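Remarks on the overall topology
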Amino acid sequence: MNNIWWQTKGEGNCHLVLLHGWGLNAEVWDCITAELASHFTLHLVDLPGYGRSTGFGALTLAEMTEIVLAHAPQEAIWLGWSLGGLVASQAALSAPDRVSALVTVASSPCFSADGDWPGIKPEVLSGFQQQLSDNFQRTVERFLALQTLGTETARDDARKLKHAVLALPMPSVEVLNGGLEILKTADLRAPLAELTQPFLRLYGRLDGLVPRKIVPWLDALWPQSESQVFAKAAHAPFISHPEALCQILVEFTQPLAKRLEQTKI
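All residue numbers refer to positions counted from 1 along the written sequence of the respective chain. Local features in this predicted model are restricted to residues whose pLDDT is 70 or higher, and side-chain atom pairs enter the listing and the counts only when it is 80 or higher, whereas totals over whole chains, interfaces and linings include all residues. For side-chain calculations, the full set of non-hydrogen atoms in the structure is used, while hydrogens and water are omitted.

1. Brief notes about the sheet that holds strand β1 (residues 6–9)
In space, the 7 strands of this open sheet follow the order β1-β3-β2-β4-β5-β6-β7, with mixed pairing throughout. In the strand order of this sheet, the two ends are held by β1 and β7 (226–230), each with one partner. Strand after strand, the sheet turns through a mean of 20 degrees between neighbouring axes, direction not considered. In this description, strands pair whenever DSSP reports at least two bridges between them. Here a strand is any run of E in DSSP of at least two residues, a helix any run of H or I of at least four, and the numbering for each starts at the N terminus. Sheet topology places strand β4 (residues 76–81) next to strand β5 (residues 99–105); 6 bridges connect them, and they run parallel. Paired with L79 across the strands is V103, a residue of β5. With respect to the sheet, helix α9 (residues 214–221) is in contact with β6 (199–204) and β7, its orientation differing from that of β6 by roughly 170 degrees. An axis is simply a line fitted to the C-alpha atoms; with a helix, the fit covers only the stretch in contact. Between two such axes, the angle follows the N-to-C directions and lies from 0 to 180 degrees. Residue contacts are defined here by distance: any two heavy atoms, one from each residue, within 4.5 Å place the two residues in contact.

The structure is reproduced here in structure tokens:
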């Protein structure tokens, strides 16, 4: 039986959907949910096949997005981290009337290196897929360790990510392989150039998975979007810099919050 886990908390006028990254679950947001719940109505979800969302196999990006949209509020800001950023972006493209603003965190429209485009070499992602079959838990732990390398709080950040993984049942090898396949093949660079909703992109300068070199490329390709780089963050800035990220997010969404407040009067 397919079962997607969804939790709603907070009482803000703005609804905010939070989507986690590969191998993880909604527990990764624990460090910022208390602060954000004072500003938004939060929608925490385990992506299909991850955490408590059980009964799913490998999915395409379109399939995963469709499942999440089926449970989402009619209008919300969508924030996606890493793989979750691709899902949030696809939702904004597939259902623009339901995604009032898009925020991506340490995410790329094309994770694979492609010609001059900076990214992860496809053979590295293929290697992770092979290693999943050979040593499942060690491969996931290696991937998590890569996400915090170079930060001043790397050890503590990695511990928090590992805790989120171990707090719940691990995804199946099939699901994890499917997620890596999305990271290896998805390319939303051109479609997102047409996006009309407010669009904020957040990055870590030390990120080893989403190179900071993509920021000026996307600034030029997507002039309608905004970008900010956390100088001392890696792939999980919401863990290493929770207060700063929350402040940026609240400031970015204030115009939407005011509009919603006016419609209620």
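The structure having been displayed, the exposition proceeds.
2. Concerning the packing of aromatic side chains
For Phe, Tyr and Trp, where Trp contributes only its six-membered ring, two rings pair if their centres lie within 6.5 Å, and the inter-plane angle classes them as stacked under 30 degrees, edge-to-face over 60, or tilted in between. By the definition in use, this model includes 4 aromatic pairs. Look at W29 and F238: their rings are 4.7 Å apart centre to centre, the planes differ by 40 degrees, and that puts the pair in the tilted class. Placement of W29 in the loop between β2 (14–19) and α1 (30–37) and of F238 in helix α10 (residues 237–240) is noted, with a sequence separation of 209 residues between them. Here W29 and F238 have matching classes, each one buried. Measuring from centroid to centroid gives 5.3 Å for F199 and W222, while their planes differ by 35 degrees, and the two rings are tilted. Of this pair, F199 sits in strand β6 while W222 sits in the loop between α9 and β7, and the two are 23 residues apart along the sequence. There is no split in this pair, since F199 and W222 are both buried. Each residue in the set W29, W81 and F238 is aromatic and connected to the rest through ring pairs, giving one cluster. Charge-over-ring contacts are defined here by two conditions on Lys NZ or Arg CZ: a distance within 6 Å of the ring centre and an angle within 35 degrees of the ring normal. In this arrangement the basic side chain of R52 is found over the ring face of W5, its NZ or CZ atom lying 3.6 Å from the centre. Its end group placed over the ring of W117, R189 keeps NZ or CZ at 4.8 Å from the ring centre. Each residue is placed in one exposure class: buried if its accessible area under a 1.4 Å probe, protein chains only, is under 20% of its type's maximum, exposed if it is over 50%, and partly exposed if it falls in between.

3. Here we look at the UniProt feature "active site" (unreviewed entry) in the chain
The UniProt record marks S82, D207 and H235 with the feature "active site" (unreviewed entry), using the residue numbering of this structure. A maximum C-alpha distance of 11.0 Å among these annotated residues, which run over 154 residues, shows that they cluster at one spot. Tracing the backbone shows S82 in the loop between β4 and α3 (83–94). A relative accessible area of 6% means that S82 is categorised as buried. Contact partners of S82, with chain neighbours within four places excluded, come to G21, V105, A106, S107, F111 and H235. Note on H235: relative accessible area 1%, which makes it buried. For H235, the contacting residues outside a window of four places in its chain are W81, S82, A106, Q147, D207, L209 and V210. UniProt positions are given in the numbering used here, feature names are shortened, and annotations may be inferred rather than shown by experiment.

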